[in-house]
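If you want the building blocks of each chain, they are given just below.
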Amino acid sequence: MTQPTEPVRRGRGRRPADEVRREVLRAAGELLLAEGMAAFTIEKVAALAGASRVTLHKWWPSKGALALDGYFSVVGPTLAFPDTGDIAADLTAQLRAFVHLMSHTQAGRVMPELVGQGQTDPELMAAFRERYSAPRRALAVEILERARQRGELREDLDLEVIVDQLWGACYHRLLIPDQPLTDEFAEALVRNLMTGIGRP
């Protein structure tokens, strides 16, 4: 299991706020992936980042909100959404990246913990919607809309429903693991969907 890096050693003088924030997010992400939500505390993050607890409380309303931001600062680059002009290939590539992250890295263990914590932590759930799920949903809809404008998709489609069909299915297998979350599953989702929505 990955261990968080050593605590940041402060030099003389105040660090710029942007630098402190980057260090806090790095420390939060590494701690969360290494030890999980149960062991995650603002005090541990502050010590690892060389920042004060007062600063962290000022920027994040709860430990859950901090954990979420740390999590996505670490995994966000992995979930980049391609836009090559081939919607089937782009959806497959993005879903496969998501599935690999959830199935083969510690991020997949932590995501259910964040979702579970969000049920009793309204600040975390609000942060999840505002900072992750809503922006990523909007990005997926934008990519699908471009494909529709190129003539790859039917005009009458509800793009929000397509997002739910694809990523909702992956989250279902992640949170209720009675079937495996695999590359083959991701590919089948896109293949089955395109059979219904692709133009001949």
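Relevant structure appears above.
Below you will find a few notes about this structure. (Residues numbered from 1 in each chain as written. Predicted model: local features only at pLDDT ≥ 70, side-chain atom pairs only at ≥ 80, totals over all residues. Heavy atoms only, no water.)

### Thoughts on the environment of Ala-147
Then, in step 1: By secondary structure assignment, the location of Ala-147 is in helix H7 (residues 122–149).
Then, in step 2: Exposure remark for Ala-147: the relative accessible area of 0% places this residue in the buried category.
Then, in step 3: For the pair Ala-147 and Arg-15, spaced 132 residues apart in sequence, the C-alpha to C-alpha distance is 45 Å.
Then, in step 4: Apart from residues no more than four positions distant in its own chain, Ala-147 is found in contact with Ile-87, Glu-152 and Leu-153. (Helix = DSSP H or I, 4+ residues; strand = E, 2+ residues; numbered from the N terminus. Buried < 20%, exposed > 50% of the residue type's maximum accessible area, 1.4 Å probe, protein only. Contact = heavy atoms within 4.5 Å.)

### Observations concerning the packing of helix H6 (residues 107–118) against H7
Then, in step 1: Contact geometry for H6 and H7: axes closest at 7 Å, N-to-C directions at 125 degrees. With respect to their mutual orientation, H6 and H7 come out oblique. Residue-level contacts link Met-111, Leu-114, Val-115, Gln-117 and Gly-118 of H6 to Leu-124, Met-125 and Phe-128 of H7.
Then, in step 2: When grouped by side-chain class, the residues that make up the contact of H6 with H7 number six nonpolar, two polar and no charged. (Axes fitted to C-alpha atoms, helices over the stretch in contact; angles between N-to-C directions. Parallel < 35°, antiparallel > 145°, perpendicular 65-115°, else oblique. Nonpolar A, V, L, I, M, F, W, Y, C, P; charged D, E, K, R; others polar.)

### Overview of the pattern of salt bridges
Then, in step 1: The tally for this structure, following the rule as stated, stands at 16 salt bridges.
Then, in step 2: Taking the shortest distance from any N to any O, the salt bridge between Asp-183 and Arg-96 comes out at 3.0 Å. Within this pair, whereas Asp-183 is found in helix H9 (residues 183–197), its partner Arg-96 is found in helix H5 (residues 87–104), the two being separated by 87 residues in sequence.
Then, in step 3: According to the relative accessible area criterion, Arg-96 is partly exposed, its value standing at 35%.
Then, in step 4: Between Glu-152 and Arg-150 there is a salt bridge whose closest N-O contact spans 2.6 Å.
Then, in step 5: Classification of Arg-150 by relative accessible area gives partly exposed; the value is 38%. (Salt bridge = Lys/Arg side-chain N within 4 Å of Asp/Glu carboxyl O.)

### Re the packing of H6 against helix H8 (residues 159–175)
Two quantities define a packed helix pair, namely the angle between the axes and the distance from one axis to the other.
Then, in step 1: One way to put it is that H6 packs onto H8 with a least axis distance of 10 Å and a crossing angle of 95 degrees. As judged from the angle between their axes, H6 and H8 are roughly perpendicular. On H8, the residues that touch Gly-108, Met-111, Pro-112 and Val-115 of H6 are Tyr-171, Leu-174 and Leu-175.
Then, in step 2: Here the contact of H6 with H8 is built from residues that sort into six nonpolar, one polar and no charged.

### Overview of the packing of aromatic side chains
Then, in step 1: Within this structure, the stated rule accounts for seven aromatic pairs.
Then, in step 2: With centroids separated by 6.3 Å and ring planes inclined at 65 degrees, the aromatic side chains of Phe-72 and Phe-128 adopt a geometry described as edge-to-face. On the criterion of sequence distance, the pair formed by Phe-72 in helix H4 (residues 63–75) and Phe-128 in helix H7 is long-range, its members being 56 residues apart. Each member of the pair Phe-72 and Phe-128 is classed as buried.
Then, in step 3: Counting every residue linked through ring pairs, the aromatic cluster contains Tyr-71, Phe-72, Phe-128 and Tyr-132.
Then, in step 4: Over the face of the ring belonging to Trp-59 we find Arg-21, whose NZ or CZ atom lies 5.6 Å from the ring centre. (Phe/Tyr/Trp six-rings, centres within 6.5 Å; stacked < 30°, edge-to-face > 60°. Lys NZ or Arg CZ within 6 Å of the ring centre and 35° of its normal.)

### Structural notes on H6
Residues lying three or four places apart along an α-helix face the same way, a consequence of the helix completing one turn every 3.6 residues.
Then, in step 1: With twelve residues, H6 should cover 16 Å at 1.5 Å per step; its first-to-last C-alpha distance of 16 Å lies within 8% of that length.
Then, in step 2: On the buried face of H6, the contacting elements are helix H1 (17–35), H4, H5, H7 and H8. (Expected span 1.5 Å × (residues − 1).)

### Remarks on H1
Then, in step 1: Between its first and last C-alpha, H1 extends 26 Å over 19 residues, near the 27 Å set by a 1.5 Å rise per residue.
Then, in step 2: When we look at burial in H1, the residues that qualify are Val-20, Val-24, Leu-25, Ala-27, Ala-28, Gly-29, Leu-31, Leu-32, Leu-33 and Ala-34.
Then, in step 3: Where H1 is buried, its residues touch helix H2 (42–49), helix H3 (53–59), H4 and H6.

In short, the description is geometric, and any link to function would need to be established separately.
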